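Architecture at a glance
Residues per chain are reported as follows:
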Amino acid sequence: MRERSSDILCTRCKVRSAFYYKRASGEYLCRKCLFRGLERGIRRGLSDYSSMRREEQIIILDTFIPSIWLIPVIHLLHRVLREYKNYSIFLAYPWTLSLAKETRCGEKELSNEMLEISISRIKELINICSATYQYTEDLITCLLKMNLLIGLENALERNIKHIAILCPRDKCFSISLKNILFLNKEIVSEIYPKRLSLGIEIFNPLYNISEEDLLAYTISTGIYRRFNNALESFIKNTGLKELVYFSSTLSDIYLMINEIVYSGSREIIFSSTESLLKIYSKFNKCILCNAPINKSDHGSICRFCRTLLPFFKSLEKFLR
Ligand SMILES: [Zn+2]
Ligand SMILES: [Zn+2]
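Right, let's walk through the structure included here. (Residues numbered from 1 in each chain as written. Chains lettered and ligands numbered in written order. Predicted model: local features only at pLDDT ≥ 70, side-chain atom pairs only at ≥ 80, totals over all residues.)

**Thoughts on the sheet that holds strand β6 (residues 162-165)**
Spatially, the 6 strands line up as an open sheet ordered β5-β4-β3-β6-β8-β7, and their pairing is mixed. This sheet does not close on itself; its edge strands, each paired only once, are β5 (113-116) and β7 (194-197). Across the sheet, the mean angle from the axis of one strand to that of its neighbour is 25 degrees, orientation sign disregarded. Of the strands in this sheet, β3 (57-61), β4 (87-92), β5, β6, β7 and β8 (200-203) are in contact with helix α6 (residues 136-158), which crosses β3 at around 160 degrees. (Pairing = 2+ DSSP bridges. Helix = DSSP H or I, 4+ residues; strand = E, 2+ residues; numbered from the N terminus. Axes fitted to C-alpha atoms, helices over the stretch in contact; angles between N-to-C directions. Contact = placed C-beta atoms within 7 Å.)

Structure, rendered in structure tokens:
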């Protein structure tokens, strides 16, 4: 990307010219300081929400619905994990892997190993979700649980104890907001910063990072120019076109909410993850995804995981 000079100096280093105005802190940042800040955020996420030790293996899970910041973030995460000599496996959907190839992000730059989730498997699971859940909100929840179970299945098969799920803080907040708007309580566990399932730790290293900062960083890498290809490939392979548009209409609401978030209090308190954890502490938990379930519900698996479980033979075996 061509360097555009600005008269404003970076608030942090006071040497380089600013590239980005960080609204949350009111700082002007150069590319390098933005990059360093994100690295610090990831390091903090790792130490706050995971118990992973040096040299342990970790699965980094794709976001399913393509996220424009995903490849740059995987790159950042891999840099941090390399410092601790952790072995990372990036479990990715085909559209993400083609984007990685197109942008010439070599395998070594993103993870120690990449695994592709097969398209026939994805189609099979999407069909199950769409056949069972007609409301878009329910369908989205089902697809998020599908993504998680794919991660769990692979971790169990390889005896890996840690899974990183990537969700920036404000995205977590908008999910919790959806929960309140649509009364879909099972989705809330997808924003918990850490969970335990079948002895595997699932955590979110982006919990302290805002999506705005990630977008700014992504723009500085130039990867966004190829992103439409990934989106088209996602729509072509999954047929979930409306889902992409659905989330963009809702994003208008979230933009407004973000204004509130960044102008004053970090979050509307009643929908913060901490409050949600407290509210749902009275509920039983789904043993697979940790979603709150009613005590009157029979069994210990939420309705979404129950729908999907017959198609995850290795998980079923583990639960027997
Ligand atoms: Zn700077
Ligand atoms: Zn569940």
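**Regarding the packing of helix α1 (residues 31-49) against helix α2 (residues 70-83)**
At a minimum axis separation of 10 Å, α1 and α2 run at an interaxial angle of 60 degrees. Every pair of crossing elements has a handedness; the one defined by α1 and α2 is right-handed. Here Leu38, Glu39, Ile42, Arg43 and Leu46 of α1 lie close against α2, whose contacting residues are Leu76, Leu77 and Val80. Of the residues that constitute the contact of α1 with α2, the class distribution is 6 nonpolar, no polar and 2 charged. (Left-handed = near helix turned anticlockwise from the far one by under 90°. Nonpolar A, V, L, I, M, F, W, Y, C, P; charged D, E, K, R; others polar.)

**Some points on the environment of Glu113**
For Glu113, the position within the fold is in strand β5. In the structure, Glu113 is positioned 26 residues away from Tyr87 in sequence and 8.2 Å away in space, judged by C-alpha atoms.

**Some thoughts on unusual backbone geometry**
Even without being glycine, Glu55 reaches a positive phi, approximately 70 degrees. Position of Glu55 among the secondary structure elements: in the loop between α1 and β3. Since 9 C-beta atoms lie within 10 Å of it, Glu55 is described here as exposed. In this model, Phe64 sits at a positive phi of 70 degrees, which is unusual for a non-glycine residue. (Buried ≥ 20, exposed ≤ 12 C-beta atoms within 10 Å, placed from the backbone.)

**So, helix α9 (residues 227-238)**
For α9, built from 12 residues, the straight-helix expectation of 16 Å at 1.5 Å per residue is met to within 8% by its first-to-last C-alpha distance of 17 Å. Those residues of α9 not exposed but buried are Ala230, Phe234 and Thr238. Here the buried residues of α9 occupy an arc of 40 degrees about the axis, which is enough to place them on one side. Turned more than 90 degrees away from the buried face of α9 sit Asn228 and Lys236, all of them exposed. Turning to α9, the residues buried within the fold contact α3 (94-102) and α5 (119-132). (Expected span 1.5 Å × (residues − 1). Arc of directions from axis to C-beta.)

**Some points on the nonpolar core**
Formed by 85 residues in total, the largest nonpolar core has its most connected members in Ile60, Leu149 and Cys305. With 10 residues, α6 is the largest single contributor of residues to this core. With near-sequence residues (within four places) excluded, Leu149 lies in contact with Leu288, Cys305, Leu308, Phe312 and Leu315. (Core = buried A, V, L, I, M, F, W, Y, C linked by C-beta atoms within 7 Å.)

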